Amino acid sequence: METVYSNSKLKNLAHEDLETMWRFRYPEDGGTKLSYEAILVEIPKLFGFSSSLGALSEFYRWLKLRRRMEAAKERADQVKLELAKNGELDADELERVAQTVFTSEAMEGGDAKTYVALATLRLNKRRTELEERRIKLLEERAAEAKAKLEAIANAAKSTGGLTPETLAAIEEAAGLL
Amino acid sequence: MSHLHPFRSKQVRRAILETLSMAGDYALHTTVLVQHVDDLLRPPLQGSEFLDELRLLLTSEHIALVPEPLDPCLKQYVLTARGRSLLASSL
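Within each chain, residue numbers correspond to sequence positions counted from 1 in written order. Chain labels run from A onward and ligand labels from 1 onward, assigned in the order the entries are written. Under the rules for a predicted model, residues below a pLDDT of 70 receive no local features and side-chain atom pairs below 80 are neither given nor counted, while totals for whole chains, interfaces and linings still include all residues. Remark: hydrogens and water are excluded; side-chain values derive from all non-hydrogen atoms of the structure.

**What to know about the pairing of strand 3 (residues 76-79) of chain B**
Residue and element names in this part refer to chain B.
Then, number 1: Burial along strand 3 is two-sided: the face carrying Gln-76 and Val-78 and the face carrying Tyr-77 and Leu-79 are both buried.
Then, number 2: The pairing criterion is simple: DSSP has to find at least two bridges between the two strands. Numbering goes from the N terminus for both helices and strands, where a helix is a DSSP run of H or I of at least four residues and a strand is a run of E of at least two. When strand 1 (residues 28-29) meets strand 3, the two strands line up antiparallel, connected through 2 bridges. Counted as the bridge partner of Leu-28 is Tyr-77 from strand 3.
Then, number 3: For strand 2 (residues 63-66) and strand 3, the ladder comprises 4 bridges, and the chain directions are antiparallel. Along strand 3, the bridge assignment pairs Ala-64 with Val-78. Three labels apply to residues, based on accessible area from a 1.4 Å probe with only protein chains included: buried if under 20% of the type maximum, exposed if over 50%, partly exposed otherwise in between.

Next comes the structure, spelled out in structure tokens:
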């Protein structure tokens, strides 16, 4: 959803016009970088309104950040799509990885590779913890079932033979496994 | 209530909201958010400006805290629909 900026006609320009404004300051090969003063002359001709040096300076700081964020979002979305094709990660994990990629791409300076490696380590650690907890739960259930079966077997020995009630109890204990 | 000059307070709040709006559906960690807000502002952030305004925006639900399941110590934020409306209004 596109954001509307109440305080700035420049920030509300259409995507192509934002690109034009960007190229004024960051021209492609062979182009000439325009000064703020020269851009102030172009703005009324192109867009029908005037601006000021202060507003233009603020606008270009905003535009630089916006472009960085757009690139970060695109990269994160790409990674999510690629990983989704493998089918190894569930939806939550895909979102977390995408968020990690976005964060590292959005950081100014810093070591993005290290950040991603660290986040991957954390993810693996979390998966290991969950697996260990699952195994522990299974072991507890198995121990509980074993104890119940032993109790049933002892009861069966003392009364002689398996009654229907004993069989039902055995089935219930086996259901814990 | 912010103890900053109202104009500066509005400036800092706007910078926080604008930065979060650029992230779309992705959240921004505090350290990344403060870096970018500082870059947007002239003069740059000073003292507790950032934290004061961040707290106000959280309280007023213009931004929301998003849990980071892998590291609960890390705080990350997103813009709410309310925050988006505020950006589009007279802020």
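There's more to say after this.
**Let's talk about the environment of Trp62(A)**
Then, number 1: Tracing the chain through its elements places Trp62(A) in helix 3 (residues 53-86).
Then, number 2: Residues Trp62(A) and Lys11(A), spaced 51 residues apart in sequence, show a C-alpha to C-alpha distance of 8.1 Å.
Then, number 3: Residues in contact with Trp62(A), not counting those within four places in the same chain, are Tyr5(A), Lys11(A), Leu18(A), Glu18(B), Met22(B) and Leu40(B). We call two residues in contact whenever any of their non-hydrogen atoms come within 4.5 Å of each other.

**Focus: the confidence of the model for chain B**
Then, number 1: The predicted model of chain B averages 90 in pLDDT, with 92% of residues at 70 or higher.
Then, number 2: Both confidence scores are given for the complex: pTM 0.72, ipTM 0.89. Known as pLDDT, the predictor's per-residue confidence is scaled from 0 to 100.

**Some words on the packing of helix 1 (residues 6-22) of chain B against helix 3 (residues 49-59) of chain B**
All names here are of chain B.
Then, number 1: Axis geometry follows a simple rule: fit a line to the C-alpha atoms, using only the stretch in contact for helices, then measure angles between N-to-C directions, giving values from 0 to 180 degrees. Running from amino to carboxyl end, helix 1 crosses helix 3 at an angle of 70 degrees, the nearest separation of the two axes being 9 Å. Relative to helix 3, the element helix 1 is oriented roughly perpendicular. Packed against helix 1, whose contacting residues are Arg-8, Ser-9, Val-12, Arg-13, Ile-16 and Leu-17, the element helix 3 presents Glu-49, Phe-50, Glu-53, Leu-54 and Leu-57 at the interface.
Then, number 2: When the residues that make up the contact of helix 1 with helix 3 are grouped by side-chain class, the tally is 6 nonpolar, 1 polar and 4 charged. Oblique is the label for any angle not covered by the other classes, which are roughly parallel (under 35 degrees), roughly antiparallel (over 145) and roughly perpendicular (65 to 115). Side-chain classes are defined by residue name, with Ala, Val, Leu, Ile, Met, Phe, Trp, Tyr, Cys and Pro counting as nonpolar, Asp, Glu, Lys and Arg as charged, and the others, Gly among them, as polar.

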